[in-house]
Amino acid sequence: MLGIETGGSHTSVMLADGEGRALATFALGPANLRLISELELKALLLGIQSQTGTVDAIGAGVAGLRNERDRARFLRVARQVWAHTPIVVSHDLEPAIMSAGPLPDPVKARVLLLSGTGSCAWGRRRDGRSVRFGGRGHLLGDQGSACDIALAALRRIVYQHDVMGKFPRLGEA
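For the structure given in this document, a descriptive report is provided here. All figures in this text were calculated on a predicted structure; none of them were measured in a lab. (Residues numbered from 1 in each chain as written. Predicted model: local features only at pLDDT ≥ 70, side-chain atom pairs only at ≥ 80, totals over all residues. Heavy atoms only, no water.)

**Looking at the overall build of the protein**
When helices and strands are tallied, the protein shows 5 helices and 8 strands. Going from N to C terminus, the protein has its helices and strands arranged as β-β-β-α-β-α-β-α-β-β-β-α-α. C-alpha extents for the protein along the principal axes are approximately 60 × 45 × 30 Å. In the protein, which comprises 173 residues, the share counted as buried stands at 32%. Taking as baseline every contact in the protein between residues at least 6 positions apart, the subset at least 24 positions apart corresponds to 50%. Split by element, the accessible area of the protein, about 10900 Å² in all, is 59% carbon and sulfur. Mean positive and mean negative side-chain charge positions of the protein (21 and 16 charges, respectively) differ by 5 Å. (Helix = DSSP H or I, 4+ residues; strand = E, 2+ residues; numbered from the N terminus. Buried < 20%, exposed > 50% of the residue type's maximum accessible area, 1.4 Å probe, protein only. Contact = heavy atoms within 4.5 Å. Areas by Shrake-Rupley, 256 points an atom, 1.4 Å probe, with all protein chains shown as cover. Lys, Arg positive; Asp, Glu negative; His and termini not counted. Charge placed at Lys NZ, Arg CZ, Asp CG, Glu CD.)

In structure tokens, the structure reads:
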């Protein structure tokens, strides 16, 4: 079984046996569905296939996958690489929240707060309804993400240069 999780900074891949034991893990470059072309996506998936060979099933959590059109786009490209392999694909937050296991009886919902290259919050209730906040990319927000923090620091460094005529210590570094 093959697990793929794409993101803004890298793609994580795990090949596992039928018992869920890792046979191989590796990382490749970034792959946010909103930021890569179909040719780039195909190259990434071919790179994964070249390192894993034939697999029985694939589960993919894909950054930037927001709707059925996005899901169809991913599957269209994936089918060029794995024509007959069963593939389950969702956005990249679902596998993360599922990894916590089933909800205990008194718990009504589970929430994931993600702060990496990007940031967002996503929660799902026991009845399957879900809500998402943020995760709109570095241009529109992603407050608290690594990108947001770095941009804020750069803005302050440039501002200090404008006001003082020289870079602060961080800016010089």
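Read on, since the account is not over.
**A few points about helix α4 (residues 146–164)**
The terminal C-alpha atoms of α4 lie 27 Å apart, and with 19 residues this matches the ideal 27 Å at 1.5 Å per residue to within 8%. Directly after α4, the chain includes G165, whose backbone phi takes a positive value near 80°. (Expected span 1.5 Å × (residues − 1).)

**Focus on the sheet that holds strand β1 (residues 2–5)**
Sheet architecture is open: 5 strands sit in the order β3-β2-β1-β4-β5, paired in mixed fashion. Of all the strands in the sheet, just β3 (22–28) and β5 (87–91) have a single pairing partner and so form its edges. Across the sheet, the mean angle separating the axes of adjacent strands is 10° when strand polarity is ignored. Here 4 bridges tie β1 to strand β2 (residues 11–16), and the two strands are oriented antiparallel to one another. (Pairing = 2+ DSSP bridges. Axes fitted to C-alpha atoms, helices over the stretch in contact; angles between N-to-C directions.)

**Some remarks on the side chain of D92**
Mapped onto the elements, D92 comes out in the loop between β5 and α3 (93–98). With residues near it in sequence (within four places) discarded, D92 still touches E5, T6, G61, V62 and A63.

**Section: the sheet that holds strand β6 (residues 109–115)**
Taken in spatial order, the 3 strands of this open sheet run β6-β7-β8, and their pairing is antiparallel. Two strands lie at the open edges of the sheet, namely β6 and β8 (130–134), each paired on one side alone. Each adjacent strand pair in this sheet contributes to an overall mean axis angle of 10°, direction not counted. In this structure, β6 lies alongside strand β7 (residues 119–125), joined through 7 bridges in antiparallel fashion. Counted as the bridge partner of A109 is R125 from β7.

**A few points about the layout of surface pockets**
Counted as a void, the largest pocket has a volume near 720 Å³. G8, N32, A63, G118 and D142 are, among the 35 residues lining the largest pocket, the residues nearest its centre. For the lining of the largest pocket, the secondary-structure elements that each account for two or more residues are α3, β6 and β7. Looking at side-chain class alone, the lining of the largest pocket contains 13 nonpolar, 15 polar and 7 charged residues. The volume enclosed by the second largest pocket comes to roughly 260 Å³. (1 Å grid on protein atoms, 1.4 Å probe; cavity = no way out; pocket = protein on both sides within 12 Å on 5 of 7 lines; lining within 4 Å. Points joined across faces, edges and corners; volume = space filled by probe spheres on them. Nonpolar A, V, L, I, M, F, W, Y, C, P; charged D, E, K, R; others polar.)

**Overview of the pattern of salt bridges**
Scanning the entire structure with this criterion turns up 8 salt bridges. Between R21 and D17 there is a salt bridge whose closest N-O contact spans 2.9 Å. Taking relative accessible area as the criterion, D17 reaches 18% and is therefore assigned buried. Between D127 and R129 there is a salt bridge whose closest N-O contact spans 3.0 Å. Overall, the relative accessible area of 48% leaves D127 in the partly exposed class. Taken together, the shared-partner salt bridges in this structure form one network comprising E38, R73 and R76. (Salt bridge = Lys/Arg side-chain N within 4 Å of Asp/Glu carboxyl O.)

Scope: geometric values only; no functional claims are made or implied.
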